[in-house]
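Next come the chains, spelled out residue by residue.
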Amino acid sequence: MSPIEKPTTVAHPVENQHFGTWQRQHMRWIVAALIAPLGMTLTAYGVVEFGPQAQINIHTVTQTLATPPLISRDENQQHDRMEVIRSGDTVGRILSRMGIMDQEVQKFIQTDATAKKLYELSPGRILHASSNENGEISQLTYVNGAGEQVRISRTANQLSASSEPVATQKQTFMKSGRINSSFFAATDAADIPDAITQQLIDLFASRVDFHHKLQKGDQFSVVYESEVHLGAIVRPGRILAAQFINNGNVHEAMWFADGSENGNYYSLDGRSLKQGFISNPVKFSRISSGFAMRLHPVLFTWKQHRGVDYAAPTGTDIQVTADGIVTKAGRDGGYGNFVEVKHDGKYSTLYGHMSAIAKGLKAGQAVSQGQVIGAVGQTGRATGPHLHYEFKVNGQQVDPLTVAMPEGKKLSTQQLADFAPLARTMKRQLSVAGQVELAQLD
Ligand SMILES: [Zn+2]
(Lines give C-alpha, C1' and ligand atoms only; values in the text may rest on other atoms or scores of the structure.)
Protein backbone atom coordinates (compact mmCIF):
# COMPACT_ATOMS: atom_id res chain seq x y z
CA MET A 1 0.00 0.00 0.00
CA SER A 2 1.39 3.39 -0.93
CA PRO A 3 1.57 6.15 1.66
CA ILE A 4 -1.38 7.97 0.09
CA GLU A 5 -3.77 5.05 0.48
CA LYS A 6 -5.35 4.77 3.86
CA PRO A 7 -7.61 1.95 4.94
CA THR A 8 -10.88 3.25 6.30
CA THR A 9 -13.54 1.29 8.09
CA VAL A 10 -17.16 1.99 7.31
CA ALA A 11 -20.02 0.81 9.50
CA HIS A 12 -22.91 0.01 7.22
CA PRO A 13 -26.29 -0.69 8.86
CA VAL A 14 -28.43 -3.12 6.89
CA GLU A 15 -32.09 -4.00 7.51
CA ASN A 16 -32.39 -7.71 8.18
CA GLN A 17 -35.67 -9.50 8.90
CA HIS A 18 -33.95 -12.76 9.82
CA PHE A 19 -32.37 -11.70 13.03
CA GLY A 20 -31.13 -14.79 14.87
CA THR A 21 -31.40 -15.55 18.57
CA TRP A 22 -27.67 -15.57 18.99
CA GLN A 23 -27.37 -12.13 17.43
CA ARG A 24 -30.19 -10.77 19.59
CA GLN A 25 -28.45 -12.03 22.71
CA HIS A 26 -25.18 -10.71 21.44
CA MET A 27 -26.71 -7.27 20.85
CA ARG A 28 -28.22 -7.28 24.31
CA TRP A 29 -24.82 -8.03 25.76
CA ILE A 30 -23.26 -5.12 23.82
CA VAL A 31 -25.99 -2.73 24.99
CA ALA A 32 -25.60 -3.95 28.54
CA ALA A 33 -21.89 -3.34 28.37
CA LEU A 34 -22.43 0.15 27.01
CA ILE A 35 -24.81 1.26 29.72
CA ALA A 36 -23.43 -0.79 32.59
CA PRO A 37 -22.26 2.25 34.57
CA LEU A 38 -25.85 3.58 34.59
CA GLY A 39 -27.27 0.46 36.18
CA MET A 40 -28.90 -2.68 34.92
CA THR A 41 -32.46 -1.31 35.08
CA LEU A 42 -31.97 0.38 31.73
CA THR A 43 -31.02 -2.82 29.92
CA ALA A 44 -34.50 -3.64 28.61
CA TYR A 45 -34.98 -0.12 27.29
CA GLY A 46 -31.67 -0.35 25.48
CA VAL A 47 -32.66 -3.51 23.64
CA VAL A 48 -35.96 -2.01 22.51
CA GLU A 49 -34.21 1.12 21.34
CA PHE A 50 -31.96 -0.87 18.96
CA GLY A 51 -34.84 -3.09 17.87
CA PRO A 52 -34.50 -6.66 16.71
CA GLN A 53 -34.22 -5.72 13.01
CA ALA A 54 -31.08 -3.67 13.05
CA GLN A 55 -27.92 -5.56 12.24
CA ILE A 56 -24.60 -3.86 11.85
CA ASN A 57 -22.36 -5.22 9.16
CA ILE A 58 -18.79 -4.02 9.16
CA HIS A 59 -17.16 -3.72 5.74
CA THR A 60 -13.53 -2.88 5.39
CA VAL A 61 -12.89 -0.91 2.23
CA THR A 62 -9.68 0.51 0.85
CA GLN A 63 -10.02 4.01 -0.45
CA THR A 64 -7.53 6.35 -2.03
CA LEU A 65 -7.50 9.67 -0.23
CA ALA A 66 -5.63 12.83 -1.08
CA THR A 67 -3.04 13.41 1.61
CA PRO A 68 -3.44 16.85 3.16
CA PRO A 69 -0.27 18.66 4.18
CA LEU A 70 0.44 17.87 7.80
CA ILE A 71 0.85 20.96 9.89
CA SER A 72 1.97 21.07 13.48
CA ARG A 73 3.26 23.79 15.72
CA ASP A 74 5.58 23.56 18.65
CA GLU A 75 6.32 26.19 21.23
CA ASN A 76 9.04 27.81 19.11
CA GLN A 77 6.55 28.47 16.33
CA GLN A 78 8.35 25.88 14.20
CA HIS A 79 6.11 24.59 11.40
CA ASP A 80 6.66 21.08 10.09
CA ARG A 81 5.02 20.15 6.85
CA MET A 82 5.15 17.31 4.37
CA GLU A 83 3.87 17.18 0.81
CA VAL A 84 3.49 14.26 -1.56
CA ILE A 85 5.29 15.11 -4.80
CA ARG A 86 3.03 15.23 -7.85
CA SER A 87 3.90 14.70 -11.48
CA GLY A 88 5.54 17.83 -12.94
CA ASP A 89 6.27 19.35 -9.53
CA THR A 90 9.14 21.73 -8.87
CA VAL A 91 10.54 22.59 -5.45
CA GLY A 92 9.00 26.06 -5.80
CA ARG A 93 5.57 24.67 -6.59
CA ILE A 94 5.63 22.24 -3.64
CA LEU A 95 6.77 24.98 -1.25
CA SER A 96 3.99 27.26 -2.44
CA ARG A 97 1.45 24.49 -1.74
CA MET A 98 2.91 24.40 1.76
CA GLY A 99 2.48 28.16 1.99
CA ILE A 100 6.24 28.80 2.12
CA MET A 101 7.96 31.55 0.11
CA ASP A 102 11.74 31.28 0.39
CA GLN A 103 13.61 32.59 -2.66
CA GLU A 104 16.95 32.17 -0.92
CA VAL A 105 16.52 28.41 -0.56
CA GLN A 106 15.36 28.07 -4.15
CA LYS A 107 18.44 29.95 -5.35
CA PHE A 108 20.63 27.79 -3.11
CA ILE A 109 19.19 24.61 -4.68
CA GLN A 110 20.12 25.93 -8.14
CA THR A 111 23.74 26.62 -7.22
CA ASP A 112 24.88 24.17 -4.52
CA ALA A 113 26.13 20.84 -5.91
CA THR A 114 24.59 18.70 -3.15
CA ALA A 115 21.35 20.69 -2.95
CA LYS A 116 20.90 20.22 -6.72
CA LYS A 117 19.91 16.62 -5.97
CA LEU A 118 16.52 18.08 -5.06
CA TYR A 119 15.90 18.49 -8.79
CA GLU A 120 15.37 14.73 -9.08
CA LEU A 121 11.90 14.81 -7.55
CA SER A 122 9.89 11.64 -8.14
CA PRO A 123 6.10 11.67 -7.95
CA GLY A 124 4.77 9.81 -4.92
CA ARG A 125 7.79 10.57 -2.75
CA ILE A 126 7.59 13.03 0.11
CA LEU A 127 9.24 16.39 0.73
CA HIS A 128 9.50 17.47 4.39
CA ALA A 129 9.92 21.12 5.32
CA SER A 130 10.31 22.94 8.63
CA SER A 131 10.03 26.70 8.74
CA ASN A 132 10.81 29.21 11.48
CA GLU A 133 8.69 32.06 12.87
CA ASN A 134 9.73 34.30 9.93
CA GLY A 135 8.36 31.79 7.44
CA GLU A 136 11.90 30.87 6.33
CA ILE A 137 12.87 27.26 5.81
CA SER A 138 14.94 25.91 8.67
CA GLN A 139 15.18 22.42 7.20
CA LEU A 140 14.19 20.64 3.99
CA THR A 141 14.60 16.86 3.58
CA TYR A 142 13.97 14.44 0.76
CA VAL A 143 14.92 10.80 0.13
CA ASN A 144 15.90 10.41 -3.54
CA GLY A 145 15.89 7.43 -5.90
CA ALA A 146 19.49 6.57 -5.00
CA GLY A 147 18.42 6.00 -1.39
CA GLU A 148 20.10 9.15 -0.07
CA GLN A 149 18.51 11.60 2.29
CA VAL A 150 19.22 15.11 0.99
CA ARG A 151 19.02 17.72 3.74
CA ILE A 152 19.15 21.49 3.45
CA SER A 153 19.55 23.32 6.76
CA ARG A 154 19.59 26.96 7.79
CA THR A 155 21.62 27.69 10.92
CA ALA A 156 22.50 31.24 11.94
CA ASN A 157 21.30 32.46 8.53
CA GLN A 158 23.69 30.12 6.71
CA LEU A 159 22.33 27.54 4.29
CA SER A 160 24.09 24.19 3.98
CA ALA A 161 23.33 20.91 2.24
CA SER A 162 24.24 17.33 3.05
CA SER A 163 23.30 13.90 1.81
CA GLU A 164 23.67 10.48 3.38
CA PRO A 165 22.37 7.00 2.66
CA VAL A 166 19.24 6.04 4.57
CA ALA A 167 18.58 2.68 6.15
CA THR A 168 16.07 0.79 4.02
CA GLN A 169 14.06 -2.36 4.53
CA LYS A 170 12.98 -4.91 1.97
CA GLN A 171 9.22 -5.06 1.60
CA THR A 172 7.00 -7.22 -0.60
CA PHE A 173 4.16 -5.59 -2.53
CA MET A 174 1.16 -7.12 -4.29
CA LYS A 175 -0.57 -5.14 -7.01
CA SER A 176 -3.21 -5.91 -9.60
CA GLY A 177 -4.88 -4.13 -12.45
CA ARG A 178 -7.23 -4.46 -15.37
CA ILE A 179 -6.78 -2.83 -18.77
CA ASN A 180 -9.48 -0.35 -19.67
CA SER A 181 -7.86 2.19 -21.98
CA SER A 182 -4.17 1.29 -22.12
CA PHE A 183 -1.67 -0.93 -20.34
CA PHE A 184 0.24 2.01 -18.84
CA ALA A 185 -2.98 3.67 -17.65
CA ALA A 186 -3.74 0.41 -15.82
CA THR A 187 -0.28 0.08 -14.23
CA ASP A 188 -0.40 3.76 -13.23
CA ALA A 189 -3.84 3.28 -11.68
CA ALA A 190 -2.48 0.30 -9.74
CA ASP A 191 0.40 2.51 -8.53
CA ILE A 192 3.09 0.16 -9.88
CA PRO A 193 6.56 1.76 -10.18
CA ASP A 194 7.85 2.19 -13.76
CA ALA A 195 10.79 -0.15 -13.18
CA ILE A 196 8.41 -2.94 -12.13
CA THR A 197 6.10 -2.24 -15.08
CA GLN A 198 9.08 -2.65 -17.43
CA GLN A 199 10.03 -5.95 -15.76
CA LEU A 200 6.43 -7.12 -16.19
CA ILE A 201 6.58 -6.35 -19.94
CA ASP A 202 9.95 -8.11 -20.31
CA LEU A 203 8.70 -11.09 -18.31
CA PHE A 204 5.77 -11.81 -20.63
CA ALA A 205 7.27 -10.45 -23.87
CA SER A 206 7.66 -13.96 -25.30
CA ARG A 207 4.06 -14.88 -24.45
CA VAL A 208 2.19 -11.64 -25.13
CA ASP A 209 2.61 -9.16 -28.01
CA PHE A 210 2.10 -6.00 -26.00
CA HIS A 211 1.95 -3.87 -29.16
CA HIS A 212 -0.87 -5.69 -30.90
CA LYS A 213 -2.61 -8.25 -28.73
CA LEU A 214 -3.64 -6.44 -25.56
CA GLN A 215 -7.38 -6.34 -24.97
CA LYS A 216 -9.71 -4.35 -22.83
CA GLY A 217 -10.40 -6.48 -19.75
CA ASP A 218 -6.93 -8.11 -19.69
CA GLN A 219 -5.77 -8.49 -16.08
CA PHE A 220 -2.44 -8.65 -14.33
CA SER A 221 -1.22 -9.32 -10.81
CA VAL A 222 2.32 -8.84 -9.63
CA VAL A 223 4.25 -9.61 -6.43
CA TYR A 224 7.50 -7.67 -6.14
CA GLU A 225 10.15 -6.60 -3.65
CA SER A 226 11.34 -3.06 -3.05
CA GLU A 227 13.66 -1.21 -0.70
CA VAL A 228 11.52 1.00 1.50
CA HIS A 229 12.27 3.95 3.78
CA LEU A 230 9.47 5.19 6.08
CA GLY A 231 6.84 3.52 3.93
CA ALA A 232 8.04 5.05 0.64
CA ILE A 233 9.76 3.00 -2.07
CA VAL A 234 13.39 4.06 -2.42
CA ARG A 235 14.53 1.38 -4.89
CA PRO A 236 12.17 -0.91 -6.77
CA GLY A 237 13.48 -4.48 -6.61
CA ARG A 238 12.64 -7.59 -8.59
CA ILE A 239 9.36 -9.21 -9.48
CA LEU A 240 8.90 -12.42 -7.47
CA ALA A 241 5.83 -13.62 -9.31
CA ALA A 242 3.36 -12.32 -11.84
CA GLN A 243 0.26 -13.31 -13.72
CA PHE A 244 -1.05 -11.87 -16.97
CA ILE A 245 -4.45 -12.84 -18.36
CA ASN A 246 -4.44 -11.87 -22.04
CA ASN A 247 -7.64 -12.53 -23.98
CA GLY A 248 -8.54 -15.26 -21.48
CA ASN A 249 -5.13 -16.98 -21.67
CA VAL A 250 -3.43 -17.17 -18.28
CA HIS A 251 0.35 -16.60 -18.26
CA GLU A 252 2.23 -17.01 -14.99
CA ALA A 253 5.84 -16.52 -13.98
CA MET A 254 7.88 -16.92 -10.84
CA TRP A 255 11.45 -15.99 -10.02
CA PHE A 256 13.52 -18.94 -8.80
CA ALA A 257 17.06 -19.14 -7.44
CA ASP A 258 18.09 -21.93 -9.81
CA GLY A 259 21.79 -21.73 -9.00
CA SER A 260 22.60 -19.21 -11.77
CA GLU A 261 24.00 -15.80 -10.84
CA ASN A 262 20.71 -13.86 -10.78
CA GLY A 263 18.17 -16.68 -10.81
CA ASN A 264 15.61 -16.99 -13.60
CA TYR A 265 11.90 -16.86 -14.28
CA TYR A 266 9.83 -20.00 -14.70
CA SER A 267 6.22 -20.81 -15.43
CA LEU A 268 4.51 -22.20 -12.32
CA ASP A 269 4.92 -25.73 -13.69
CA GLY A 270 8.70 -25.21 -13.71
CA ARG A 271 9.46 -24.37 -17.35
CA SER A 272 12.05 -21.69 -18.12
CA LEU A 273 10.58 -18.56 -19.73
CA LYS A 274 13.91 -17.79 -21.39
CA GLN A 275 14.07 -20.24 -24.28
CA GLY A 276 11.14 -18.80 -26.20
CA PHE A 277 11.46 -15.77 -28.50
CA ILE A 278 10.09 -12.33 -27.64
CA SER A 279 7.04 -11.92 -29.84
CA ASN A 280 7.79 -8.32 -30.85
CA PRO A 281 11.33 -7.00 -31.38
CA VAL A 282 10.23 -3.36 -30.93
CA LYS A 283 10.54 -2.60 -27.23
CA PHE A 284 7.17 -1.76 -25.71
CA SER A 285 7.30 1.57 -23.91
CA ARG A 286 5.06 4.51 -23.11
CA ILE A 287 6.14 6.16 -26.37
CA SER A 288 5.96 3.17 -28.72
CA SER A 289 2.69 1.96 -27.19
CA GLY A 290 0.90 5.19 -28.09
CA PHE A 291 2.27 5.01 -31.63
CA ALA A 292 1.20 1.42 -32.24
CA MET A 293 -2.35 2.31 -31.34
CA ARG A 294 -2.60 5.10 -33.88
CA LEU A 295 -0.98 3.40 -36.89
CA HIS A 296 -1.16 -0.10 -38.17
CA PRO A 297 2.27 -1.49 -37.29
CA VAL A 298 2.74 -4.02 -40.06
CA LEU A 299 3.45 -2.26 -43.34
CA PHE A 300 3.93 -5.35 -45.45
CA THR A 301 2.98 -8.96 -44.94
CA TRP A 302 5.68 -11.57 -44.59
CA LYS A 303 4.93 -13.12 -48.00
CA GLN A 304 5.92 -10.00 -49.91
CA HIS A 305 9.50 -9.81 -48.70
CA ARG A 306 10.25 -12.61 -46.21
CA GLY A 307 10.32 -10.40 -43.17
CA VAL A 308 7.97 -8.57 -40.85
CA ASP A 309 7.98 -4.77 -40.80
CA TYR A 310 7.19 -2.92 -37.62
CA ALA A 311 6.54 0.80 -38.02
CA ALA A 312 7.80 2.79 -35.04
CA PRO A 313 9.25 6.25 -34.46
CA THR A 314 12.93 6.71 -35.36
CA GLY A 315 15.01 6.03 -32.27
CA THR A 316 12.64 3.48 -30.67
CA ASP A 317 14.61 0.70 -28.96
CA ILE A 318 15.01 -2.61 -30.79
CA GLN A 319 15.47 -5.66 -28.55
CA VAL A 320 17.05 -8.97 -29.48
CA THR A 321 14.29 -11.59 -29.28
CA ALA A 322 16.35 -14.38 -27.66
CA ASP A 323 19.79 -15.06 -26.16
CA GLY A 324 22.46 -15.51 -28.79
CA ILE A 325 25.72 -14.47 -30.43
CA VAL A 326 25.96 -11.55 -32.86
CA THR A 327 27.11 -12.90 -36.25
CA LYS A 328 26.93 -9.63 -38.24
CA ALA A 329 26.63 -5.98 -37.25
CA GLY A 330 27.19 -3.52 -40.08
CA ARG A 331 25.83 -1.81 -43.16
CA ASP A 332 24.21 -3.20 -46.30
CA GLY A 333 22.62 -1.48 -49.34
CA GLY A 334 19.22 -3.05 -48.80
CA TYR A 335 19.07 -3.64 -45.04
CA GLY A 336 20.89 -0.42 -44.13
CA ASN A 337 22.34 -0.69 -40.63
CA PHE A 338 21.58 -4.24 -39.56
CA VAL A 339 22.37 -6.86 -36.93
CA GLU A 340 22.14 -10.62 -37.27
CA VAL A 341 22.10 -12.93 -34.25
CA LYS A 342 22.50 -16.71 -34.03
CA HIS A 343 20.49 -18.39 -31.30
CA ASP A 344 20.46 -21.87 -29.77
CA GLY A 345 20.25 -24.65 -32.32
CA LYS A 346 18.74 -23.83 -35.68
CA TYR A 347 17.42 -20.31 -35.12
CA SER A 348 18.73 -16.88 -36.15
CA THR A 349 17.20 -13.39 -36.41
CA LEU A 350 18.00 -10.26 -38.42
CA TYR A 351 17.13 -6.63 -37.69
CA GLY A 352 17.33 -4.04 -40.50
CA HIS A 353 16.97 -0.32 -41.38
CA MET A 354 18.33 0.73 -37.97
CA SER A 355 19.08 4.41 -37.43
CA ALA A 356 21.92 3.23 -35.20
CA ILE A 357 23.42 -0.01 -33.95
CA ALA A 358 23.94 -0.15 -30.17
CA LYS A 359 27.29 1.34 -29.23
CA GLY A 360 30.12 -1.19 -29.27
CA LEU A 361 27.97 -4.06 -30.57
CA LYS A 362 29.97 -6.28 -32.92
CA ALA A 363 30.19 -9.79 -34.36
CA GLY A 364 31.13 -12.46 -31.82
CA GLN A 365 29.48 -10.71 -28.91
CA ALA A 366 26.94 -12.52 -26.70
CA VAL A 367 23.57 -10.81 -26.29
CA SER A 368 20.78 -11.68 -23.89
CA GLN A 369 17.07 -11.73 -24.59
CA GLY A 370 15.53 -8.26 -24.37
CA GLN A 371 18.89 -6.48 -24.69
CA VAL A 372 18.68 -3.31 -26.80
CA ILE A 373 20.79 -3.84 -29.94
CA GLY A 374 19.86 -0.71 -31.89
CA ALA A 375 17.23 1.86 -32.75
CA VAL A 376 14.49 2.03 -35.37
CA GLY A 377 15.33 4.07 -38.49
CA GLN A 378 15.04 4.04 -42.29
CA THR A 379 18.56 3.31 -43.54
CA GLY A 380 18.93 1.14 -46.67
CA ARG A 381 15.94 0.63 -48.94
CA ALA A 382 13.15 1.80 -46.69
CA THR A 383 10.28 4.22 -46.99
CA GLY A 384 9.51 5.63 -43.57
CA PRO A 385 11.02 4.55 -40.25
CA HIS A 386 10.42 0.89 -39.44
CA LEU A 387 12.16 -2.25 -38.26
CA HIS A 388 12.60 -5.05 -40.79
CA TYR A 389 12.71 -8.31 -38.82
CA GLU A 390 13.62 -11.72 -40.21
CA PHE A 391 13.25 -14.99 -38.35
CA LYS A 392 15.22 -17.89 -39.78
CA VAL A 393 15.13 -21.62 -39.16
CA ASN A 394 18.18 -23.44 -40.60
CA GLY A 395 19.05 -20.25 -42.50
CA GLN A 396 15.63 -20.00 -44.18
CA GLN A 397 13.26 -17.11 -43.44
CA VAL A 398 9.98 -18.25 -41.94
CA ASP A 399 7.01 -16.22 -40.74
CA PRO A 400 7.59 -15.77 -36.99
CA LEU A 401 3.90 -14.99 -36.52
CA THR A 402 2.89 -18.50 -37.60
CA VAL A 403 5.83 -20.76 -36.66
CA ALA A 404 5.69 -22.76 -33.40
CA MET A 405 8.29 -21.38 -30.99
CA PRO A 406 10.57 -23.69 -29.00
CA GLU A 407 9.38 -24.54 -25.47
CA GLY A 408 11.42 -23.60 -22.43
CA LYS A 409 13.50 -26.23 -20.65
CA LYS A 410 11.96 -27.83 -17.58
CA LEU A 411 13.70 -27.80 -14.19
CA SER A 412 15.34 -31.06 -13.11
CA THR A 413 13.39 -33.38 -10.81
CA GLN A 414 15.66 -32.36 -7.95
CA GLN A 415 15.12 -28.61 -8.58
CA LEU A 416 11.38 -29.18 -8.97
CA ALA A 417 11.25 -30.55 -5.42
CA ASP A 418 12.38 -27.13 -4.15
CA PHE A 419 10.40 -25.21 -6.74
CA ALA A 420 6.95 -26.79 -6.36
CA PRO A 421 6.11 -25.63 -2.79
CA LEU A 422 7.29 -22.08 -3.62
CA ALA A 423 5.16 -22.10 -6.77
CA ARG A 424 2.09 -23.13 -4.75
CA THR A 425 2.67 -20.25 -2.31
CA MET A 426 3.10 -17.77 -5.16
CA LYS A 427 -0.04 -19.00 -6.89
CA ARG A 428 -1.98 -18.27 -3.70
CA GLN A 429 -0.43 -14.80 -3.38
CA LEU A 430 -1.25 -13.94 -7.00
CA SER A 431 -4.80 -15.11 -6.49
CA VAL A 432 -5.13 -12.91 -3.38
CA ALA A 433 -3.70 -9.91 -5.27
CA GLY A 434 -6.21 -10.48 -8.08
CA GLN A 435 -9.14 -10.72 -5.69
CA VAL A 436 -8.19 -7.47 -3.95
CA GLU A 437 -8.21 -5.71 -7.31
CA LEU A 438 -11.58 -7.17 -8.29
CA ALA A 439 -13.07 -6.18 -4.94
CA GLN A 440 -11.95 -2.60 -5.50
CA LEU A 441 -13.45 -2.44 -8.98
CA ASP A 442 -16.76 -4.22 -8.43
ZN1 LIG B 1 10.91 -5.23 -44.42
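It should be emphasised that the depicted structure is a prediction, and the values quoted were computed from it without experimental measurement.

### Topic: the overall build of the protein
Turning to step 1, where the next piece is worked out: Scanning the protein for helices and strands turns up nine helices and 23 strands.
Turning to step 2, where the next piece is worked out: Counting the 442 residues in the protein, one finds 42% classified as buried.
Turning to step 3, where the next piece is worked out: A total of about 23,900 Å² of accessible surface is found on the protein, and carbon and sulfur atoms cover 53% of it.

### Some details on the packing of aromatic side chains
Turning to step 1, where the next piece is worked out: Taken as a whole and assessed by the stated rule, the structure comprises 19 aromatic pairs.
Turning to step 2, where the next piece is worked out: Where Phe183 meets Phe210, the ring centres are 5.4 Å apart and the plane angle is 70°; that geometry is what we call edge-to-face. Of this pair, Phe183 sits in helix H5 (residues 183-189) while Phe210 is found in the loop between helix H6 (194-204) and strand S10 (219-229), placing the two residues 27 residues apart along the sequence.
Turning to step 3, where the next piece is worked out: Taking the relative accessible area as the measure of exposure, Phe183 reaches 2% and is therefore buried.
Turning to step 4, where the next piece is worked out: Look at Phe210 and you get buried, because its relative accessible area is 5%.
Turning to step 5, where the next piece is worked out: With 5.4 Å between their ring centres and 10° between their planes, Phe184 and Phe284 make a pair best called stacked. One end of the pair, Phe184, is in helix H5; the other, Phe284, is in the loop between strand S13 (264-266) and helix H7 (286-294), and 100 residues separate them in sequence.
Turning to step 6, where the next piece is worked out: By relative accessible area, which is 5% here, Phe284 ends up buried.
Turning to step 7, where the next piece is worked out: Against the face of Trp255 rests Arg238, its NZ or CZ located 4.0 Å from the ring centre.

### A few points about the pattern of salt bridges
Turning to step 1, where the next piece is worked out: One pass over the full model with this rule turns up eleven salt bridges.
Turning to step 2, where the next piece is worked out: We note a salt bridge from Asp102 to Arg154, for which the minimum N-O separation is 3.0 Å. Separated by 52 residues along the polypeptide, Asp102 in the loop between helix H3 (91-98) and helix H4 (103-111) and Arg154 in strand S7 (residues 148-155) bring together distant segments of the chain. We note that Asp102, like Arg154, is buried.
Turning to step 3, where the next piece is worked out: For Glu225, the salt bridge identified is with Lys170, shortest N-O distance 4.0 Å. Of this pair, Glu225 sits in strand S10 while Lys170 sits in strand S9 (residues 169-178), and the two are 55 residues apart along the sequence.
Turning to step 4, where the next piece is worked out: For Lys170, a relative accessible area of 58% translates into the label exposed.
Turning to step 5, where the next piece is worked out: Each member of the salt-bridge network shares a partner with another, and the members are Lys328, Glu340, Glu390 and Lys392.

### Considering H4
Turning to step 1, where the next piece is worked out: All buried positions along H4 are accounted for by Val105, Phe108 and Ile109. End-on, the buried residues of H4 take up no more than an arc of 100°, which puts them together on one face. Every exposed residue of H4 that faces more than 90 degrees away from the buried side is listed here: Lys107 and Thr111.
Turning to step 2, where the next piece is worked out: Packing partners of the buried residues in H4 comprise H3, strand S6 (137-143), S7 and strand S8 (158-165).

### Things to note about unusual backbone geometry
Turning to step 1, where the next piece is worked out: One non-glycine residue with positive phi stands out, namely Asp191, at about 60°.
Turning to step 2, where the next piece is worked out: With respect to the element layout, Asp191 can be found in the loop between H5 and H6.
Turning to step 3, where the next piece is worked out: For Asp191, a relative accessible area of 32% corresponds to the partly exposed category.
Turning to step 4, where the next piece is worked out: Even without glycine at this site, Asn247 takes up a positive phi of about 55°.
Turning to step 5, where the next piece is worked out: Along the chain, Asn247 turns up in the loop between strand S11 (232-246) and strand S12 (249-256).

### Observations concerning the sheet that holds strand S15 (residues 317-319)
Either a parallel or an antiparallel arrangement is found when strands of a sheet pair, and the pairing is made through backbone hydrogen bonds.
Turning to step 1, where the next piece is worked out: The strand order across the open sheet built from three strands is S15-S21-S19, with neighbouring strands paired in antiparallel fashion. On the outer flanks of this sheet lie S15 and strand S19 (356-357), each paired with one strand and no other.
Turning to step 2, where the next piece is worked out: Where S15 meets strand S21 (residues 372-375), three bridges bridge the pair, whose relative direction is antiparallel. Considered in S21, the bridge of Asp317 is made with Ala375.

### Some thoughts on the nonpolar core
Turning to step 1, where the next piece is worked out: In terms of nonpolar packing, the biggest core is built from 25 residues, with Phe183, Phe204 and Ile239 touching the most fellow members.
Turning to step 2, where the next piece is worked out: Sorting the residues of this core by element identifies H5, H6, S10 and S11 as the ones contributing at least two each.
Turning to step 3, where the next piece is worked out: Per-element tally for this core: the top contributor is H6, with five residues.
Turning to step 4, where the next piece is worked out: Apart from the residues within four sequence positions on either side, Phe183 is in contact with Thr197, Leu200, Ile201, Phe210, Leu214, Phe220, Phe244 and Phe284.
Turning to step 5, where the next piece is worked out: By size, the runner-up hydrophobic cluster in this structure holds 22 residues, among which are Val282, Ala312, Tyr351 and Tyr389.

### Quick look at the pairing of strand S14 (residues 308-311)
Turning to step 1, where the next piece is worked out: Neither face of S14 is left uncovered, since the one carrying Val308 and Tyr310 and the one carrying Asp309 and Ala311 both have all their residues buried.
Turning to step 2, where the next piece is worked out: In this structure, S14 lies alongside strand S22 (residues 386-393), joined through four bridges in antiparallel fashion. Directly across from Val308, in S22, lies its bridge partner Tyr389.

### Quick word on the environment of Ser131
Turning to step 1, where the next piece is worked out: In this structure, Ser131 sits in strand S5 (residues 126-131).
Turning to step 2, where the next piece is worked out: One polar contact links Ser131 to Arg81, side chain to side chain, over a distance of 3.2 Å.

### Let's talk about the sheet that holds S9
Turning to step 1, where the next piece is worked out: Taking strand neighbours across the sheet as the criterion, the five strands line up as S9-S10-S11-S12-S13 in an open arrangement whose pairing is antiparallel. The open sheet has two free edges, formed respectively by S9 and S13, since each of these has just one partner strand. Averaged over neighbouring strand pairs, the angle between their axes works out to 30° when direction is ignored.
Turning to step 2, where the next piece is worked out: Pairing of S12 with S13 involves three bridges; the strand directions are antiparallel. From the neighbouring strand, Trp255 faces S13, where its bridge partner is Tyr265.

Rules used in this analysis
Residues numbered from 1 in each chain as written. Predicted model: local features only at pLDDT ≥ 70, side-chain atom pairs only at ≥ 80, totals over all residues. Heavy atoms only, no water. Helix = DSSP H or I, 4+ residues; strand = E, 2+ residues; numbered from the N terminus. Buried < 20%, exposed > 50% of the residue type's maximum accessible area, 1.4 Å probe, protein only. Areas by Shrake-Rupley, 256 points an atom, 1.4 Å probe, with all protein chains shown as cover. Phe/Tyr/Trp six-rings, centres within 6.5 Å; stacked < 30°, edge-to-face > 60°. Lys NZ or Arg CZ within 6 Å of the ring centre and 35° of its normal. Salt bridge = Lys/Arg side-chain N within 4 Å of Asp/Glu carboxyl O. Arc of directions from axis to C-beta. Contact = heavy atoms within 4.5 Å. Pairing = 2+ DSSP bridges. Core = buried A, V, L, I, M, F, W, Y, C linked by side-chain atoms within 4.5 Å. Polar contact = N/O pair within 3.5 Å; in protein donor to acceptor, adjacent residues only side chain to side chain. Axes fitted to C-alpha atoms, helices over the stretch in contact; angles between N-to-C directions.

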